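This is what each chain is made of:
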Amino acid sequence: MTSTPKMRRGPPLRAAAGLAGALMIAACASTPPAPTGQLQAAQLAISNAERTEAGRYAAGELGEARTKLAYANTAVQEERMIAAAQLADQSRVEAELASAKTAAVKAKVVNDEMKRSTGTLIDEMQRTAGDEQ
Amino acid sequence: MTTTTDKVTIGRTLIAMTVASVLLVACAAAPVAPDGASEVRTKLTQLQSDPNLASRVPLAIKEADAAVRTAELPEADQALGSHRVYIADRKVEIARAQAETLLLEDQRAALSAQRETARLDSRTREADVAKEQVAIARNEADAARVATADAQEQTAELQRQIDAMNAKVTDRGLVLTLGDVLFASGRADLKAGTVNHLDQLVAFLGRYPSRTVMIEGHTDSVGSDDYNQGLSQRRADSVRSYLVRQGVDAARVTTMGAGESTPVAGNESATGRQQNRRVEVIISNPALAAR
């Protein structure tokens, strides 16, 4: 009879030990999870910027974004996951800035061209008017 | 007992002071806003206070503002603090770039309206110029037509005048021959009532002021050469005097006495001699003179 309670106490103890072990393993494994999502977001932002010809209109920002992403990957290898996540985020915003600046420069190019052609028309008109006199 | 109590009190006070000082130190060392956070806030404020830009990107500005707020939080972790400032700074710049893009795009309507106006003005002007040129050409054609008509009219008029004077068109110009009926035999003064031909000449010279005249006197062979020479000169001068009296500028009229040297008919017959006694008025041809 006395053995029965002892026998009963057995499984909960093992379960507790197993749980503790699992927790410890989980703790060890999760210490720094690689910021995969942030790295992917950064890479995507860089690709988007490249598609908008940021290499031509915002080369500084695009280069900076690439450098930050490279640092982030290095940090992942060194298991400095917090730094890796921050660098990946910085790379992403830098790439987004490259895209935004590229759009602004392109818009300005279009407007300047419009102003130039209008100016040319007006100049021609004044020259024609001058010829008449 | 009292001393013990005092000691306890003092001990408690000391502990309290120590705790307080620790707390004070803790407060003094408390994390402040990271470096650069206030600069980012300034950048954001500048963007927000630009009415042309801020109104165009409310969402991006809201996002940037949230990032700046986070960056302004006191943070003990220096790396995290500067990371937040970095992110906030880029978010502000992204918002500005997006706003500038939208502003530029919004300005295009006005720009293309300007260009359209310029293009229209240009076309209108071109059309006006073309119209003007057509008008000028038409006027010139009209003027040319008028000039041609005038010239034709003038030529016709001249011809009428020439016909009226009984003049001949020769290489020397118009030659008007005044017969000896103007003068009594041996006389150089004009006979009264014979100036009809001369009056037509006066009118002609009045009408064509650029023409000059040469008056040549001629005689028949009766009498000495010298006498005939003198007589022909006097007769020519007599005609000249008449013309000048009628208002013809003396400078336009020259005279010459040819005597009997240039007969137009034989001197054997009376008829021939009569033809030779004459005064010829040669009216210069301005076209020939210009050559």
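Conventions we followed
Residues numbered from 1 in each chain as written. Chains lettered and ligands numbered in written order. Predicted model: local features only at pLDDT ≥ 70, side-chain atom pairs only at ≥ 80, totals over all residues. Heavy atoms only, no water. pLDDT = per-residue confidence, 0-100. Contact = heavy atoms within 4.5 Å. Buried area = accessible area lost by both parts, 1.4 Å probe. Salt bridge = Lys/Arg side-chain N within 4 Å of Asp/Glu carboxyl O. Polar contact = N/O pair within 3.5 Å; in protein donor to acceptor, adjacent residues only side chain to side chain. Nonpolar A, V, L, I, M, F, W, Y, C, P; charged D, E, K, R; others polar. Axes fitted to C-alpha atoms, helices over the stretch in contact; angles between N-to-C directions. Helix = DSSP H or I, 4+ residues; strand = E, 2+ residues; numbered from the N terminus. Parallel < 35°, antiparallel > 145°, perpendicular 65-115°, else oblique. Left-handed = near helix turned anticlockwise from the far one by under 90°. Pairing = 2+ DSSP bridges. Expected span 1.5 Å × (residues − 1). Buried < 20%, exposed > 50% of the residue type's maximum accessible area, 1.4 Å probe, protein only. Arc of directions from axis to C-beta.

J.: How would you explain the confidence of the model for chain A if you had to name every residue and give the values?
T.: Of the residues in chain A, 72% reach a pLDDT of 70 or more, and the chain-wide mean stands at 83. Confidence over residues 1-7 of chain A falls short of pLDDT 50; this stretch has 0 contacts with residues more than four positions distant or in other chains.

J.: Describe the interface of chain B and chain A, with residues and values.
T.: Counting residues at the interface gives 27 residues for chain B and 27 residues for chain A. Between chain B and chain A, a total of about 2400 Å² is buried, with carbon and sulfur atoms accounting for 66% of that surface. Counting the surface chain B buries against chain A, the share from its top three residues, Tyr86, Leu111 and Arg115 of chain B, is 22%. Along the contact surface separating chain B from chain A lie 2 salt bridges. Across the pair Arg90 of chain B and Glu94 of chain A runs a salt bridge, and its minimum N-O distance is 2.6 Å. Taken together, chain B and chain A are joined by 9 residue pairs in polar contact (both at pLDDT 80 or more). For the side of chain B that touches chain A, the residue count by class is 10 nonpolar, 7 polar and 10 charged.

J.: Explain the packing of helix H2 (residues 37-48) of chain B against helix H4 (residues 58-72) of chain B to me, using residue names and the numbers behind them.
T.: Packed helix pairs are specified by the crossing angle of their axes together with the interaxial distance, meaning the distance between the axes. Residues and elements named next belong to chain B. Look at H2 against H4: their axes get within 9 Å of each other, and the N-to-C directions meet at 160 degrees. Looking at the two axes, H2 sits roughly antiparallel to H4. The hand of the H2/H4 crossing is left-handed. Of the residues in H4, those touching H2 at Ala37, Val40, Arg41, Leu44, Leu47 and Gln48 are Ile61, Ala64, Asp65, Val68, Arg69, Ala71 and Glu72. A breakdown of the residues in the contact of H2 with H4 according to their chemical character gives 8 nonpolar, 1 polar and 4 charged.

J.: Explain the sheet that holds strand E4 (residues 253-259) of chain B to me, and be specific about the residues and the numbers.
T.: Note: strands within a sheet are paired through backbone hydrogen bonds, in either parallel or antiparallel orientation. Residue and element names in this part refer to chain B. What the 5 strands build is an open sheet, ordered E1-E2-E5-E3-E4; its pairing is mixed. With one partner strand each, in any of the chains shown, strand E1 (168-170) and E4 form the two edges of the open sheet. Each adjacent strand pair in this sheet contributes to an overall mean axis angle of 25 degrees, direction not counted. One ladder, built from 6 bridges, connects strand E3 (residues 213-218) with E4; its direction is parallel. Along E4, the bridge assignment pairs Glu216 with Met256. Helix-sheet contacts for helix H7 (residues 225-245) involve E3, E4 and strand E5 (278-283), and the interaxial angle to E4 is about 160 degrees.

J.: Help me get a handle on helix H6 (residues 196-207) of chain B, residues and values and all.
T.: Residues and elements named next belong to chain B. End to end, H6 covers 17 Å across 12 residues, agreeing with the expected 16 Å (1.5 Å per residue, within 8%). Those residues of H6 lying buried are Leu198, Leu201, Val202, Phe204 and Leu205. Summarising the axial view, the buried residues of H6 lie within an arc of 165 degrees, below the 170-degree limit, and thus occupy one face. Facing away from the buried side of H6 by over 90 degrees, the exposed positions are Asn196 and Gly206. The elements touched by buried residues of H6 are helix H5 (78-165), strand E2 (173-179), E3, H7 and E5.

J.: I'd love a proper account of the confidence of the model for chain B, names of residues and values included.
T.: Confidence in the prediction for chain B averages 84 pLDDT; 87% of positions are at 70 or higher. Interface predicted TM-score (ipTM) for the complex: 0.74; the corresponding pTM is 0.53.

J.: Go over the pairing of E5 of chain B with me, naming the residues and quoting the values.
T.: Residue and element names in this part refer to chain B. Most of E5 sits out of view: 6 of its 6 residues are buried. Both E2 and E5 contribute to a ladder of 6 bridges, which runs antiparallel. For Val175, the partnering residue across the bridge sits in E5 and is Ile282. Of the strand pairs in this sheet, E3 and E5 are connected by 6 bridges, and their pairing is antiparallel. What sits directly across from Glu216, in E5, is Glu280.

J.: Could you give me a rundown of the pattern of salt bridges, with the residues and numbers involved?
T.: Under the criterion given, the structure shown has 25 salt bridges over all chains. In this structure, Arg41 of chain B and Asp65 of chain B form a salt bridge, with 3.0 Å as the shortest nitrogen-oxygen distance. Linking Arg41 of chain B in helix H2 with Asp65 of chain B in helix H4, this pair joins segments that are 24 residues apart in sequence. We classify Arg41 of chain B as partly exposed; its relative accessible area is 22%. In this structure Asp65 of chain B comes out as buried when scored by relative accessible area, which is 15%. The shortest N-O distance in the salt bridge between Glu280 of chain B and Arg278 of chain B comes to 3.0 Å. Look at the salt bridges and you will find they share partners, linking Glu61, Glu94 and Lys101 of chain A together with Lys43, Asp89, Arg90 and Glu93 of chain B into a network.

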